[in-house]
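Tertiary structure, described
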Amino acid sequence: PGRIVLAIAAVTALVSGQALADKLPLPKAAYSADITFETDGRISSGRVNVDGYKERRDLKDATGRDSVKIIRRDLGKLIELRPQRHAAVELRIAAAEAAGEFGAAATDVDSFYGADVTPQGQDTIAGLQTTKYHVATETSPGLKIDATIWSTDDGIIVRIEGNALVDGGKQQARLQLSNIARGP
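Just so you know, these numbers come straight off a predicted model, no measurement behind them.

Reading the values: rules and limits
Residues numbered from 1 in each chain as written. Predicted model: local features only at pLDDT ≥ 70, side-chain atom pairs only at ≥ 80, totals over all residues. Heavy atoms only, no water. Core = buried A, V, L, I, M, F, W, Y, C linked by side-chain atoms within 4.5 Å. Buried < 20%, exposed > 50% of the residue type's maximum accessible area, 1.4 Å probe, protein only. Helix = DSSP H or I, 4+ residues; strand = E, 2+ residues; numbered from the N terminus. pLDDT = per-residue confidence, 0-100. Contact = heavy atoms within 4.5 Å. Salt bridge = Lys/Arg side-chain N within 4 Å of Asp/Glu carboxyl O. Phe/Tyr/Trp six-rings, centres within 6.5 Å; stacked < 30°, edge-to-face > 60°. Lys NZ or Arg CZ within 6 Å of the ring centre and 35° of its normal. Polar contact = N/O pair within 3.5 Å; in protein donor to acceptor, adjacent residues only side chain to side chain.

Looking now at the nonpolar core. The biggest cluster of nonpolar side chains holds 26 residues, and the ones touching the most others in it are Tyr31, Ile35, Val135, Ile156, Ile160, Leu175 and Leu177. Mapped by element, the contributors of at least two residues to this core are strand S1 (30-39), strand S2 (42-51), strand S8 (128-140), strand S9 (143-151), strand S10 (157-166) and strand S11 (169-182). Broken down by element, this core gets its largest block of residues, five residues, from S9.

It is worth spelling out the confidence of the model for the protein chain at this point. Per-residue pLDDT for the protein chain has a mean of 76; in total, 74% of the residues score no lower than 70. Considering each helix and strand of the protein chain separately, the mean pLDDT is smallest for helix H1 (residues 2-9), with a value of 42, and largest for strand S7 (residues 118-125), with 92. Low pLDDT, under 50, characterises residues 1-21; the predicted model gives this stretch 112 contacts beyond four residues in sequence or across chains. Scored below 50 in pLDDT, residues 102-107 shows 32 contacts in the model against residues more than four places distant or in partner chains.

Here we take up the environment of aspartate 116. Tracing the sequence through the fold places aspartate 116 in the loop between helix H2 (93-98) and S7. The exposure class of aspartate 116 is exposed, given its relative accessible area of 51%. Taking the C-alpha atoms as reference points, aspartate 116 and alanine 136, separated by 20 residues in sequence, lie 8.0 Å from one another. Not counting residues within four places of it along the chain, the set of residues in contact with aspartate 116 comprises Asp22, Lys23, His134 and Val135.

Attention now goes to the environment of phenylalanine 37. Mapped onto the secondary structure, phenylalanine 37 falls in strand S1. It is 9.8 Å that separates the C-alpha atoms of phenylalanine 37 and leucine 59, two residues lying 22 residues apart in sequence.

The next subject is the pattern of salt bridges. Following the criterion strictly, the structure yields eight salt bridges and no others. Here arginine 182 ties to aspartate 154 by a salt bridge, and the two come within 2.3 Å at their closest N and O atoms. A residue pair is termed long-range when its members are at least 10 positions apart, and arginine 182 in strand S11 and aspartate 154 in the loop between S9 and S10 qualify at 28 residues. Close ionic contact of arginine 174 with glutamate 161 constitutes a salt bridge, the shortest N to O distance being 2.5 Å. In this pair, arginine 174 is assigned in strand S11 and glutamate 161 in strand S10, connecting sequence segments 13 residues apart.

A separate point is the packing of aromatic side chains. To describe a pair of aromatic rings, one takes the distance between the centres and the angle between the planes. Here the structure, examined in full by the defined rule, presents zero aromatic pairs. Over the ring of tryptophan 150 we find arginine 159, and its NZ or CZ is 5.2 Å from the ring centre.

What follows concerns the side chain of glutamine 176. In this structure, glutamine 176 sits in strand S11. Of note is the side chain of glutamine 176, whose polar atom sits 2.8 Å from the side chain of arginine 159. Here glutamine 176 is in contact with Asp34, Ile35, Thr36, Ile125, Val158 and Arg159, once residues within four sequence places are set aside.

Laid out in structure tokens, this is it:
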């Protein structure tokens, strides 16, 4: 279940796409926003700040546990702060992927960068002009994603709705950004 939350939610606020593009590239926009993930009736929420290859995610899961992740794609690092334990863990992105923390198939938005998409028209979401895309991919054996992604031309993913088929079991997930502010 945790993989699925990040699988679709993870197309988080990061993937960019030029209007009518056939791939979802890395984001170009610097922005901050409130973020809400919903899967299997559980809701996680928080704040995301993105500036090119740099990102900070402050989230509270459905159980009330805080999570802070600092992602430096330019340095190939993920730093996870664990406030309740007064600890921090730094991982190379490849190690984080192997641990299922980041970028692994369908566990994070990074698994969708460069994914083949089908444009489905324009839409206004949260006051922003977006392109609506469909993505259907098998990110690893036994894990298929079928999602709709709304992205601005400069890379702000405003909404994601979709399903993940994990070893034959279907799970729905949704991501929504609100209070979006452009700039660092």
